[in-house]
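# Residue-level structure breakdown
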Amino acid sequence: MLMIDQLFWYQGGSGVGFGNFGEIGPLDVNLKPRNSTWLQKADLMFVDSPVGTGFSYVEDDKLFVKTDEESARDLTTLLKAIYKENATLEKSPLYIFAESYGGKFAVTLGLSVLQAIQQGQLQLQLGGTYYFHSL
């Protein structure tokens with residue numbers, strides 16, 4: 001059976017809309033199907049983070065994060081919920097891809113995910129972190 005990798009894409013400060021619609025997602029900026037997309041090879045996960053970037057928001061300003069570590073904890077909590085609800089995802093590795101400032105953040109997120117795995121709080125295989133155009 002072919003195992004499809006899970007790719008988590010982190011854009012950095014502008015939100016993931018650019019990476020999704022401008023680069024690798026299934027639709028282009030005009031919402032037209034793209035001829036070539038990474039979705040043909042792997043499952044893609046785009047999340048606007050930290051909260052307040054892209055289309056993400058909070059109803060209470062106290063919930064805005066102030067550090068990369070807080071943002072990594074938020075995303076690790078999200079991954080825990082996703083992987084708890086869909087155990088089939090555990091069978092293929094998760095790769096964290098990031099661009100721009102996200103390149104620096106990918107390491108912080110990777111460490112947070114690895115700690116959760118080692119503590120038995122998250123059941124997944126971390127395949128690695130990759131970053132492009134890191135600032």
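Scroll up for the structure.
Residues numbered from 1 in each chain as written. Predicted model: local features only at pLDDT ≥ 70, side-chain atom pairs only at ≥ 80, totals over all residues. Heavy atoms only, no water.

## Describing the overall build of the chain
Helix and strand content of the chain: three helices and four strands. The secondary structure elements of the chain, listed N-terminal to C-terminal, are β-α-β-α-β-α-β. The C-alpha atoms of the chain give 15 Å as radius of gyration, which agrees with the globular expectation for 135 residues (14 Å, within 12%). The principal-axis extents of the C-alpha atoms in the chain amount to approximately 40 × 40 × 30 Å. Residues counted as buried form 39% of the 135 residues belonging to the chain. Here the analysis covers contacts within the chain between residues at least 6 apart in sequence; of these, 65% occur between residues at least 24 apart. (Helix = DSSP H or I, 4+ residues; strand = E, 2+ residues; numbered from the N terminus. Rg over C-alpha atoms; globule rule 2.2 N^0.38 Å. Buried < 20%, exposed > 50% of the residue type's maximum accessible area, 1.4 Å probe, protein only. Contact = heavy atoms within 4.5 Å.)

## Some thoughts on the pairing of strand E3 (residues 94–99)
E3 sits mainly inside the fold: six of its six residues count as buried. Taking every second residue as pointing to the same face, both faces of E3 are buried, with Leu-94, Ile-96 and Ala-98 on one and Tyr-95, Phe-97 and Glu-99 on the other. Pairing analysis gives five bridges linking strand E1 (residues 5–10) to E3, with the strands arranged parallel. Within E3, the residue paired with Phe-8 across the bridge is Ile-96. Both E3 and strand E4 (residues 126–132) contribute to a ladder of six bridges, which runs parallel. (Pairing = 2+ DSSP bridges.)

## Side note on helix H2 (residues 68–85)
Its 18 residues give H2 an end-to-end C-alpha distance of 26 Å, which sits within 8% of 26 Å, the value for a rise of 1.5 Å per residue. Along H2, the residues that are buried comprise Ser-71, Ala-72, Leu-75, Thr-76, Leu-79 and Tyr-83. Down the axis of H2, the sector holding all buried residues measures 135°, keeping them to one side. Along H2, the residues that are exposed and aim more than 90 degrees away from the buried face are Lys-84 and Glu-85. Structurally, H2 contributes buried residues whose contacts are with E1, strand E2 (42–46), E3 and helix H3 (102–118). (Expected span 1.5 Å × (residues − 1). Arc of directions from axis to C-beta.)

## With respect to the packing of H2 against H3
Helix-helix packing is described using two parameters, namely the angle between the two axes and the distance between the axes. The N-to-C vectors of H2 and H3 enclose an angle of 50°; their axes lie 9 Å apart at closest approach. The angle between H2 and H3 falls in the class oblique. As for how H2 packs across H3, the hand of that crossing is right-handed. In contact with Asp-68, Glu-69, Ser-71, Ala-72, Arg-73, Leu-75, Thr-76, Leu-79 and Lys-80 of H2, H3 contributes Phe-105, Thr-108, Leu-109, Ser-112, Val-113 and Ala-116. Within the contact of H2 with H3, the residues separate by chemical class into seven nonpolar, four polar and four charged. (Axes fitted to C-alpha atoms, helices over the stretch in contact; angles between N-to-C directions. Parallel < 35°, antiparallel > 145°, perpendicular 65-115°, else oblique. Left-handed = near helix turned anticlockwise from the far one by under 90°. Nonpolar A, V, L, I, M, F, W, Y, C, P; charged D, E, K, R; others polar.)

## Remarks on a nonpolar patch on the surface
Side chains of Val-107, Leu-111, Leu-114 and Tyr-131 sit close together on the surface and give an oily, nonpolar patch of about 360 Å² of accessible area. Here the nonpolar patch gets three residues from one element, more than from any other, and that element is H3. Position of Leu-114 among the secondary structure elements: in helix H3. (Patch = residues over 30% accessible without salt bridge, like charges linked within 9 Å, V, L, I, M, F, W, Y side chains within 5 Å. Areas by Shrake-Rupley, 256 points an atom, 1.4 Å probe, with all protein chains shown as cover. Salt bridge = Lys/Arg side-chain N within 4 Å of Asp/Glu carboxyl O.)

## Focus: the sheet that holds E3
The strand order E2-E1-E3-E4 describes an open sheet built from four strands, whose pairing is parallel. Bordering the open sheet on either side are E2 and E4, each of which pairs with just one other strand. Recorded for the sheet is a direction-independent mean angle of 20° between the axes of neighbouring strands. Packing of helix H1 (residues 17–24) onto the sheet brings it into contact with E1, E2 and E3, and relative to E2 it is tilted by some 140°.

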